[in-house]
Amino acid sequence: MSNSSETKERSRINLQTGEITDFMLDKMKAATDEGEEAVLHFLTASAYVAGFCIALAASKPESVGPLMTRSMDALTSGLQSGLEFTSMPIEFVKIVRS
């Protein structure tokens, strides 16, 4: 893949990430307005859908582990970013295997 193609692909993926993030945050805001039970349902449903998508994206059984690992890494990175954003006084330790 050429540099130009890689740049276009990266830009498209970043745009898609922004669209997904905006959608999820809008849904989270709506759930927050409805109360704690709605927030818990939103988070549970989101986790379920993410897991379902991992299974759909796996082209063969040995693909599931790497997809799940990347997804869990993204989940913990998002949790860490959220804690930093809210200035919540929680120490978060992430163990990364090299």
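Conventions adopted
As a convention, each chain's residues are numbered from 1 in the sequence order in which they are written. Selection of residues for local features in this predicted model requires a pLDDT of at least 70, selection of side-chain atom pairs for listing and counting requires 80 or more, and totals for whole chains, interfaces and linings are taken over all residues. Side-chain metrics in this entry use all non-hydrogen atoms of the structure; hydrogen atoms and water are not considered. Labels follow the DSSP assignment, with helices taken as runs of H or I lasting at least four residues and strands as runs of E lasting at least two, numbered in each case from the N terminus. Put simply, the radius of gyration uses C-alpha atoms, and a globule should come to 2.2 Å times the residue count raised to 0.38. With a 1.4 Å probe rolled over the protein chains alone, any residue whose accessible area is under 20% of its type maximum counts as buried; one over 50% counts as exposed, and the rest are partly exposed. In short, Shrake-Rupley with a 1.4 Å probe defines the accessible areas, and a residue's cover is counted only from the protein chains shown. Here the positive residues are Lys and Arg and the negative ones are Asp and Glu; neither His nor the chain ends is included. Where a charge sits is defined by one atom per residue type, namely NZ (Lys), CZ (Arg), CG (Asp) or CD (Glu). Note that patches include only residues with greater than 30% relative accessible area and no salt bridge, and the join distances are 9 Å for like charges and 5 Å for nonpolar side chains (Val, Leu, Ile, Met, Phe, Trp, Tyr). In the sections that follow, a salt bridge refers to a side-chain nitrogen of Lys or Arg positioned within 4 Å of a carboxyl oxygen of Asp or Glu. For a helix, the expected span equals 1.5 Å multiplied by the residue count minus one. By definition, pLDDT measures how confident the predictor is in each residue, and it falls between 0 and 100.

This part is about the overall build of the chain. From N to C terminus, the chain includes three helices and zero strands. Reading the chain from its N end, one meets helices and strands in the order α-α-α. By the compact-globule yardstick of 13 Å for 98 residues, the chain is too spread out, its C-alpha radius of gyration being 16 Å. With the C-alpha coordinates aligned to their principal axes, the bounding extent of the chain is approximately 45 × 30 × 30 Å. Across the 98 residues of the chain, 8% fall into the buried class. Surface accessibility of the chain: about 8,500 Å² in total, with carbon and sulfur atoms responsible for 63%. In the chain, which carries 9 positive and 13 negative side-chain charges, the distance between the mean positions of the two groups comes to 10 Å.

A surface patch of nonpolar side chains, about 470 Å² in accessible area, is lined by Tyr48, Val49, Phe52 and Leu56. Structurally, the position occupied by Leu56 is in helix α2 (residues 36-57).

For helix α3 (residues 64-86), built from 23 residues, the straight-helix expectation of 33 Å at 1.5 Å per residue is met to within 8% by its first-to-last C-alpha distance of 33 Å. Ser87 lies just past α3 and shows a positive phi near 55 degrees.

The backbone of Ser87 shows a phi angle near 55 degrees, a positive value even though the residue is not glycine. Mapped onto the fold, Ser87 is located in the segment after α3.

Attention now moves to the confidence of the model for the chain. When pLDDT is averaged along the chain, the result is 89, and 97% of the positions lie at 70 or above. When mean pLDDT is compared element by element in the chain, α2 scores highest at 96, while helix α1 (residues 3-34) scores lowest at 88.

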